[in-house]
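Okay, here's what each chain looks like letter by letter:
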Amino acid sequence: MSKRAELSWRPSLPVLGLALLSGVLPATAQEKKTDAAPMLDEIVVVSQKRAGAVDVQAVSVAITAFDANALEKSFATDLVDVGRMAPNIQLNQSGTFGGFSNFFIRGIGSSNTIRTVDPAVGTFVDGIYIGFGPASMQDTFDIASVEVLRGPQGTLFGKNVTGGAVSVMSTRPDGELGADIKITYGNYDRLDVSAAVQFPIIEGQLAGKIAAMSKSRDGYFKNLITGRNKPDVDTSILRPTFRWTPNEVLTIDLIGEYYRDKGGSSASQNLDSRNNPRMLLVNGQLVASPATVQRVFGYAPPADKYDINHNDQGYVDTTAAHGIIDASLDVGHGVVSLVTGYRDVKFNSSTDFDGSPYTVFEFPDNRESQHQYSGELRYASSFSDRVEFTAGLYYFTQEMYIAERRAAYASGPATAPVISRTVGIAKTDDSSYAVFGQGSVKFTDQLSLILGGRYTVEKKEIELCPFNAALYNSLDFNACPVARLSGDDKWNSFSPKVGLDWKIDEDVLAYASWTKGFRSGSFNARATNAAVLGPVDQETVSSYEAGLKSELMGRRLRFNAATFLSDYTNIQRTVSDTVIVNGLPTVTQVPRNAASATIWGVELEGSYLVTDALTLDASLGYTNASYDSFANIDTNRNGVYEPAIDGPIAKDLKFERVPKWQYAVAASYEVPVSANSSLRFRTSYTWVDDQFIDTLNSPSLALDAYGLWDASVSYSLDDSYTISVFGRNLGDAEYYDFGFDGGTHRAVWGGVPRTYGIELSAKF
């Protein structure tokens with residue numbers, strides 16, 4: 001069997017059967033250590049923002065939740081790893097800029113690095129929305145829980161999103177004296193050291209915690225030009241947290257964080273565009289034309305995926321800091337909560353985008369900064385046995401400064417190339433206001449009506465100095481030598497939700513809902529002229545979901561199922577269109593509305609405690625995403641938009657970075673070694689279907705299906721000391737996360753080879 005055939009098989013009936021029998025709330029199912037019959041642990045979530053804690057099985061929405069224990073046992077290091085353990089979710093990075101999240105849930109997400117384009121899947125850290133793409137990829141260090149919510153959110157989240165939300169909560173001090181230390185060493189010279197110390201300050205009233213982490217690692221890709229690897233890791237985090245409980249009704253958490261990343265830039269892997277070259281219109285004729293890297297320089301990339309030739313080693317230098325106040329006051333008939341915080345980011349980077357030893361397309365020494373502030377005030381009440389609700393007000397504002405330098409081949413032979421060095425500088429000011437709420441009314445003890453709604457107003461302003469050479473060194477926006485581009489716009493929307501909950505019995509919940517979602521329009525910070533500045537229109541979605549949540553066999557089996565149908569209007573896509581300028585192909589990146597799309601799918605997840613020692617987890621996701629229409633896109637890439645020709649081709653395009661099938665299975669077996677020690681074996685396998693990586697479905701960038709196999713063995717003593725040996729991607733599968741096929745070059749980004757290591761942890 002060929003490698004391609006081997007990687008492209010669909011899930012077999014035995015695999016589907018395992019998914020149906022076991023499902024996945026991956027690794028969150030742990031045995032209760034009591035004298036009673038063993039059962040799966042209750043999973044408590046906070047994203048529903050109710051007056052009290054709520055079991056995820058009692059929530060009528062598709063949520064996959066992971067606690068700190070689950071993250072540790074799976075050896076997840078960031079949200080990318082978390083996304084692989086849940087159905088119809090891809091929490092990948094953009095690839096081109098380090099730490100820039102490009103999340104997809106149920107077929108909807110963002111596949112670009114334009115800073116001014118809002119993500120379809122929002123990231124929330126300790127209750128605040130992360131508004132800036134760089135440095136938005138969260139580490140699992142000092143994390144209490146990660147909750148992934150599928151589908152449009154807004155009736156409970158202050159910042160509305162159409163695809164879904166990822167809510168990350170850090171650990172809080174409980175007033176006890178204790179410490180948690182962890183050291184990890186692995187191949188590629190990986191060394192992670194973290195420590196968290198919590199302590200009482202005023203007994204029973206004020207507690208503190210200081211958590212710190214340092215991570216270092218060589219890159220997976222060997223740059224044959226410099227002899228150095230990339231992208232290397234050099235990350236530090238300091239997170240102080242304080243909890244004040246002056247009485248029984250008031251709790252105030254103060255959370256700070258300082259983040260520093262001085263690692264390497266992304267490792268683009270150049271592909272030979274002489275293989276299956278794109279058809280381009282040159283001097284009025286359609287010809288097969290390789291990209292500049294091969295057409296002008298004749299470059300032949302290395303055969304090994306992990307060998308690269310970059311003339312610019314690149315770097316990332318990121319500083320991020322935030323402060324958050326999370327306060328709650330029990331007023332008897334309900335709980336008043338306030339979450340407010342600020343975040344500052346400075347992001348400097350240099351990136352070899354073309355992945356070749358020549359200057360064809362590079363981002364040298366970009367300078368960017370962002371400042372945001374948000375506030376969310378909520379009231380949640382369960383004042384009767386029949387009615388409960390949450391209502392709130394939300395405000396968010398951010399300012400960005402984006403100076404994006406470009407060095408690109410302009411003309412001339414390989415021996416004497418003419419390089420164009422330009423910079424585009426953008427200044428933006430965004431704000432969002434909203435009122436939202438959601439509640440339930442019990443008709444009977446079994447049947448409840450869910451009603452929710454959100455009204456949003458968003459304003460955006462941009463002032464742009466288009467790409468020019470004069471400011472390349474100074475980055476002085478006020479000295480812009482060309483006509484500035486500017487724009488401002490406002491969007492408003494009402495997003496309702498209606499649902500029914502049917503409590504079939506104490507352990508089985510069925511539900512159905514209809515929700516509308518909204519994503520405001522965006523300007524293009526990479527615009528080269530007024531015609532492509534934007535804004536694009538707002539994106540809206542009507543989403544229908546029906547599901548079942550159950551705990552059976554004395555809570556030894558947890559099985560959840562959901563099916564959904566989403567109808568999108570003016571869906572936003574960022575397209576790299578190739579146009580012909582002076583006979584040469586030139587790529588222009590443009591956010592556009594893809595008219596309409598329909599997405600439907602199914603998700604199965606659960607856990608099965610087979611014996612006191614053996615736990616099985618699995619998930620299965622299916623997504624069918626298709627465009628109903630897609631206008632204003634040059635699908636045959638001849639440099640001219642021809643509705644009669646391009647329209648039918650565009651309608652048949654597949655969604656990028658959206659596999660049709662994916663599944664994950666895991667098994668954990670824990671046995672006692674002595675009265676105070678135990679041994680745990682864990683293995684997992686994640687499989688992802690083949691997919692296109694770019695909007696235009698370039699065959700050269702199509703990614704074959706692949707599977708990732710992980711395994712670990714851990715020995716624990718006194719529930720305080722643990723030594724583990726682990727391996728990730730033990731089959732050494734080759735894959736990537738992002739790709740580009742334009743007139744300058746063809747390249748892919750991402751992929752992690754086989755890694756392994758040893759971890760020591762101690763809790764006092």
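Here, the structure is the one placed above.
In this text, all values refer to a predicted model and were calculated from it rather than measured experimentally.

1. A short note on the packing of aromatic side chains
Consideration 1: Counted according to the given criterion, the structure contains 27 aromatic pairs.
Consideration 2: Residues Phe 361 and Phe 363 carry aromatic rings whose centres are separated by 5.5 Å and whose planes lie at 65° to one another, so their mutual orientation is edge-to-face. You'll find Phe 361 and Phe 363 in the same group, each marked buried.
Consideration 3: Measuring from ring centre to ring centre gives 5.9 Å for Tyr 721 and Phe 764, while their planes differ by 80°; the resulting arrangement is edge-to-face. Taken as a pair, Tyr 721 in strand β39 (residues 721-728) and Phe 764 in the segment after β42 (755-763) lie far apart in primary sequence, 43 residues in all.

2. Quick word on the sheet that holds strand β41 (residues 746-749)
Consideration 1: Spatially, β18-β41-β40 is the arrangement adopted by the three strands of the open sheet, whose pairing is antiparallel. Among the strands making up the open sheet, the edge pair consists of β18 (269-270) and β40 (738-741).

3. Comments concerning the pairing of strand β13 (residues 206-217)
Consideration 1: Taken together, the 11 bridges between strand β12 (residues 190-202) and β13 define a ladder with antiparallel strand orientation. Each bridged residue has a counterpart across the sheet, and for Val 197 the counterpart in β13 is Ile 210.
Consideration 2: Between β12 and β13, which follow one another and run antiparallel, lie three residues, and Gly 204 among them has a positive phi close to 80°.
Consideration 3: By the bridge criterion, 12 bridges tie β13 to strand β16 (residues 233-244) in an arrangement that is antiparallel. Across the sheet, the residue bridging to Ile 210 is Pro 240, located in β16.

4. Quick look at empty space enclosed by the protein
Consideration 1: Applying the stated criterion across every chain, the model contains 15 cavities of 30 Å³ or more.
Consideration 2: Counting only elements with at least two residues in the lining of the second largest cavity, the list comes to β9 (143-150), β28 (485-505), β29 (508-519) and β30 (539-552).
Consideration 3: The element contributing the most residues to the lining of the second largest cavity is β29, with four residues.
Consideration 4: In terms of residue class, the lining of the second largest cavity is made up of five nonpolar, 13 polar and six charged.

5. Here's the deal with the side chain of Asp 192
Consideration 1: With respect to the helices, strands and loops of the structure, Asp 192 is situated in strand β12.
Consideration 2: By relative accessible area, Asp 192 is classed as buried at 9%.
Consideration 3: Side-chain polar atoms of Asp 192 contact the side chain of Arg 190, separated by 2.8 Å.
Consideration 4: Those residues in contact with Asp 192 that lie beyond four places of it in its chain are Lys 182, Ile 183, Thr 184, Ser 214, Lys 215 and Ser 216.

6. Digging into the state of the cysteines
Consideration 1: According to the stated counting rule, one finds one disulfide in the structure shown.
Consideration 2: At a sulfur-sulfur separation of 2.1 Å, the disulfide partner of Cys 465 is Cys 480. Where Cys 465 bonds to Cys 480 through sulfur, the torsion about that S-S bond is close to 90°, and the disulfide is right-handed. On the criterion of sequence distance, the pair formed by Cys 465 in strand β27 (residues 447-468) and Cys 480 in the loop between β27 and β28 is long-range, its members being 15 residues apart.
Consideration 3: For Cys 480, a relative accessible area of 14% corresponds to the buried category.

7. Topic: the pattern of salt bridges
Consideration 1: Counted by the stated rule, this structure contains 31 salt bridges.
Consideration 2: Between Glu 72 and Lys 182 there is a salt bridge, with the nearest N and O atoms lying 3.9 Å from each other. Here Glu 72, found in helix α3 (residues 68-74), pairs with Lys 182, found in strand β11 (residues 178-186); they are 110 residues apart in sequence, far enough to count as distant.
Consideration 3: Note on Glu 72: relative accessible area 28%, which makes it partly exposed.
Consideration 4: Linked through salt bridges whose partners overlap, the residues forming this network are Arg 106, Arg 150, Glu 545, Glu 603 and Glu 605.

8. Some thoughts on unusual backbone geometry
Consideration 1: Along the chain, Lys 230 connects to Pro 231 via a cis peptide bond; the corresponding omega equals -5°.
Consideration 2: The omega torsion of the bond from Gly 534 to Pro 535 falls at 15°, within 30 degrees of zero and hence cis.
Consideration 3: Relative to the helices and strands, Pro 535 resides in the loop between β29 and β30.
Consideration 4: In the Ramachandran plot, Asn 697 falls in the positive-phi region, its phi being about 55° despite a non-glycine side chain.
Consideration 5: Exposure remark for Asn 697: the relative accessible area of 10% places this residue in the buried category.

9. Side note on the environment of Gln 198
Consideration 1: Among the secondary structure elements, Gln 198 is positioned in strand β12.
Consideration 2: For the pair formed by Gln 198 and Asn 636, sequence separation is 438 residues and the distance between their alpha carbons is 60 Å.
Consideration 3: Residue contacts for Gln 198: discarding those within four places in its chain leaves Arg 172, Pro 173, Asp 174, Glu 176, Leu 177, Gly 178, Gly 208 and Lys 209.
Consideration 4: Side chain to side chain, Gln 198 and Asp 174 meet in a polar contact 2.8 Å long.

10. Considerations on the sheet that holds strand β21 (residues 307-308)
Consideration 1: Reading across from one edge, β15-β14-β21 is the order of the three strands in this open sheet, with mixed pairing throughout. Each edge of the open sheet is held by one strand with a lone partner, namely β15 (229-230) and β21.
Consideration 2: By the bridge criterion, two bridges tie strand β14 (residues 221-223) to β15 in an arrangement that is antiparallel. Each bridged residue has a counterpart across the sheet, and for Lys 222 the counterpart in β15 is Asn 229.

11. Notes on a negative patch on the surface
Consideration 1: On the surface, a cluster of negative charge is made up of Glu 399, Asp 429, Glu 461, Asp 488, Asp 489 and Asp 537.
Consideration 2: Tracing the backbone through its elements, the reader meets Asp 429 in strand β26 (residues 418-442).

Calculation rules
- Residues numbered from 1 in each chain as written.
- Predicted model: local features only at pLDDT ≥ 70, side-chain atom pairs only at ≥ 80, totals over all residues.
- Heavy atoms only, no water.
- Phe/Tyr/Trp six-rings, centres within 6.5 Å; stacked < 30°, edge-to-face > 60°.
- Buried < 20%, exposed > 50% of the residue type's maximum accessible area, 1.4 Å probe, protein only.
- Helix = DSSP H or I, 4+ residues; strand = E, 2+ residues; numbered from the N terminus.
- Pairing = 2+ DSSP bridges.
- 1 Å grid on protein atoms, 1.4 Å probe; cavity = no way out; pocket = protein on both sides within 12 Å on 5 of 7 lines; lining within 4 Å.
- Points joined across faces, edges and corners; volume = space filled by probe spheres on them.
- Nonpolar A, V, L, I, M, F, W, Y, C, P; charged D, E, K, R; others polar.
- Polar contact = N/O pair within 3.5 Å; in protein donor to acceptor, adjacent residues only side chain to side chain.
- Contact = heavy atoms within 4.5 Å.
- Disulfide = S-S within 2.5 Å.
- Salt bridge = Lys/Arg side-chain N within 4 Å of Asp/Glu carboxyl O.
- Patch = residues over 30% accessible without salt bridge, like charges linked within 9 Å, V, L, I, M, F, W, Y side chains within 5 Å.
- Areas by Shrake-Rupley, 256 points an atom, 1.4 Å probe, with all protein chains shown as cover.
- Lys, Arg positive; Asp, Glu negative; His and termini not counted.
- Charge placed at Lys NZ, Arg CZ, Asp CG, Glu CD.

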